[in-house]
Amino acid sequence: MSTPTGPASGLPVRMPRPRQSGRHRRPEPVVAPEGAAALVLAVPGTPSSATRSLAEEVISIARSELPGLNARIGYLDGDDAEFPTLASVLANAAAERIARFEQAQAAGREVAEPEGPAAVVVPLLAGPDSALIRRIRQAVMDSRAQVELTDVLGPHPLLAEALHVRLSEAGLARADRARLFTVATAADGIVLATVGGEEGVQAAGITGMLLAARLAVPVMAAALDVEGSVASIAEQLTGSGSVQLALAPYLVGPEIAEGLVDAAAKEAGCATAEPLGAYPAIGKLVLSMYMTALGITPGTPQGAQAL
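Here the residue index of a chain counts from 1 through its sequence in written order. Two thresholds apply to this predicted model, a pLDDT of at least 70 for residue-level local features and 80 or more for giving and counting side-chain atom pairs, whereas whole-chain, interface and lining totals are computed over all residues. To obtain the side-chain values, all non-hydrogen atoms of the structure were used and water was disregarded.

Asker: How do you make sense of the sheet that holds strand E8 (residues 219-223) when you look at a structure like this?
Answerer: Within a sheet, each strand pairs with its neighbour through backbone hydrogen bonds, oriented either parallel or antiparallel. In this description, strands pair whenever DSSP reports at least two bridges between them. Segments assigned H or I by DSSP are reported as helices when at least four residues long, segments assigned E as strands when at least two residues long, and all are numbered from the N terminus. On the basis of which strands lie adjacent, the open sheet formed by four strands has the order E8-E7-E9-E10 and parallel pairing. Across the chains shown, the open sheet's two edge strands, defined by having one partner strand only, are E8 and strand E10 (271-272). Relative to E8, strand E7 (residues 189-194) runs parallel, the two sharing five bridges. Residue pairing in the sheet places leucine 192 in a bridge with alanine 221 of E8. We call two residues in contact whenever any of their non-hydrogen atoms come within 4.5 Å of each other. Here an angle of 0 to 180 degrees is reported between the N-to-C directions of two axes, which are lines fitted to C-alpha atoms, with helices fitted over the stretch in contact. Contacting E7, E8 and strand E9 (245-249), helix H6 (residues 229-239) runs over the sheet at an angle of about 160 degrees to E8.

Here it is in structure tokens:
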């Protein structure tokens, strides 16, 4: 039993550590501001259980980085049954925000009327694809909601890291922690396969340079949606001295038709790694896009950005 002056039995008691002050004080953990816009992940491609699992894992990574995040998934080719369409998800997000405001008013709370976007849409795309972006913009307009649309995820050094990991998982490159070990199947030339035509190739080329620096082998981008592009780039690499080629999909996964990557790799005569998928960097980049759109930073006090 304890007394006001301490433990009566003399047993030690764990006391809370005093808050550290000064320049070495630990920053407060960042949480999603109350009332902040929803993060809506725009998922392209034909919906499937595998696509949903991938999108949910990406969202889970984002939520783990920003507790309290209101995150949803909208499918570009959804059916509004099993797979909700992007337009309906955005419309619902806007309607729910208004409903919360009206409920708070009815309960007698003093609350400010919602301002700013009801949702921030982040395309689940590693690189630009004008056709898909146009469809996402159309879905935003169809929702009639106040929405902010971010850019695609790349180019970014984290995507170069993810590509490196996928290649090493397939035995086509040395892993970061095994540079001194020989990988017999390591490629000496990488075809970076993307979508989005010439615009997509140019953007992928930036990440490709970062990947080339990590692997110390030539990396050239090619468009899967341009006939003969992958084979042509493979010929250029072999013509410049590469003997063992590998194809690295600069894709999250859902945006490309099933089997197209394998067909391109077969045409070019090279092995292939897996798409980026739900690699942790994808979730972190999705969240980064969202936070940048709303002006949320690690140093932002909790609640300072409430909308």
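Asker: Would you mind going over the packing of helix H4 (residues 157-169) against helix H5 (residues 197-215) with me for this structure?
Answerer: Helices that pack against each other are described as a pair by the angle of their axes relative to one another and the distance between those axes. Two elements in contact, H4 and H5, have axes whose closest approach is 8 Å; the angle formed by their N-to-C orientations is 50 degrees. Taken together, the axes of H4 and H5 are oblique relative to one another. Crossing hand, H4 versus H5: right-handed. Two secondary-structure elements touch here, H4 through Pro157, Leu159, Ala160, Glu161, Leu163, His164 and Leu167 and H5 through Thr207, Leu210, Leu211, Arg214 and Leu215. Residues of the contact of H4 with H5, tallied by class, amount to eight nonpolar, two polar and two charged. Every angle not falling under 35 degrees, over 145, or within 65 to 115 is termed oblique; those three ranges are roughly parallel, roughly antiparallel and roughly perpendicular. What makes a crossing left-handed is the near helix being turned counterclockwise from the far one by less than a right angle; a clockwise turn instead makes it right-handed. Amino acid classes used here: Ala, Val, Leu, Ile, Met, Phe, Trp, Tyr, Cys and Pro are nonpolar; Asp, Glu, Lys and Arg are charged; the rest, including Gly, are polar.

Asker: So what exactly am I meant to see when it comes to empty space enclosed by the protein here?
Answerer: To locate leftover empty space, one rolls a probe as large as a water molecule over the atoms. In this analysis a 1.4 Å probe is tested at points of a 1 Å grid over the protein atoms alone, and where it fits but cannot get out there is a cavity; an open set with protein on both sides within 12 Å along at least five of seven lines is a pocket; lining residues have an atom within 4 Å of a point. Grid points are joined across faces, edges and corners, and a volume is the space filled by probe spheres set on the points. A complete count under the given rule lists three cavities of 30 Å³ or more for this structure. Quantified by volume, the largest cavity comes out at close to 40 Å³. Lining the largest cavity are Ala36, Ala37, Ala38, Asn70, Arg72, Ala93, Glu96, Arg97, Arg100 and Ala118. Looking at the lining of the largest cavity element by element, the count peaks at four residues for helix H2 (residues 86-106). Along the lines of polarity and charge, the residues of the lining of the largest cavity split into five nonpolar, one polar and four charged.

Asker: Help me out: how do you make sense of the environment of leucine 124 in this one?
Answerer: Positionally, leucine 124 belongs in the loop between strand E5 (119-123) and helix H3 (130-143). The buried label goes to any residue with under 20% of its type's maximum accessible area, the exposed label to any with over 50%, and the partly exposed label to all in between, with areas taken from a 1.4 Å probe on protein chains only. By relative accessible area, which is 0% here, leucine 124 ends up buried. For leucine 124 and leucine 41, which are 83 residues apart along the polypeptide, the C-alpha to C-alpha distance reads 6.4 Å. Discounting chain neighbours no more than four positions away, the residues touching leucine 124 are Leu41, Ala42, Val43, Pro44, Leu54, Val58, Val252, Pro254, Glu255 and Ile282.

Asker: Looking at this structure, how should I read the pattern of salt bridges?
Answerer: For side chains of opposite charge, pairing can occur when their charged atoms come near one another. Salt bridges are defined by distance alone: a side-chain nitrogen of Lys or Arg within 4 Å of a carboxyl oxygen of Asp or Glu. This structure, assessed with the given rule, holds four salt bridges. Among the salt bridges present, the one from glutamate 96 reaches arginine 72, with a minimum N-O distance of 2.6 Å. Placement of the pair is glutamate 96 in helix H2 and arginine 72 in strand E4 (residues 71-75), with a sequence separation of 24 residues. Looking at glutamate 96, the relative accessible area reads 36%, which means it is partly exposed. By relative accessible area, arginine 72 is classed as buried at 18%. A salt bridge links arginine 135 to aspartate 77; its shortest N-O distance comes to 2.5 Å. Highlighted residues: arginine 135 in helix H3 and aspartate 77 in the loop between E4 and H2, separated in sequence by 58 residues.

Asker: Looking at this structure, I do not really get the layout of surface pockets. What am I missing?
Answerer: The calculated volume of the largest pocket comes to roughly 580 Å³. Taken together, 21 residues make up the lining of the largest pocket; nearest its centre are Gly253, Pro254, Ile256, Glu258 and Pro275. Looking at the lining of the largest pocket, the elements that each hand over two or more residues are helix H1 (49-65) and helix H7 (260-268). Along the lines of polarity and charge, the residues of the lining of the largest pocket split into 10 nonpolar, eight polar and three charged.

Asker: Got a minute to help me understand the pairing of E7 in this structure?
Answerer: Counted residue by residue, E7 has six buried out of six residues, so it is predominantly covered. Burial along E7 is two-sided: Gly189, Val191 and Ala193 facing one way and Ile190, Leu192 and Thr194 facing the other are all buried. The pairing of E7 with E9 spans five bridges and is classified as parallel. The residue bridging alanine 193 from the neighbouring strand is proline 249, located in E9. Clockwise travel from the first strand over the helix to the second, with the strands pointing away from the viewer, marks a crossover as right-handed. Following the chain from E7 across H5 to the adjacent parallel E8, one finds a crossover that is right-handed.

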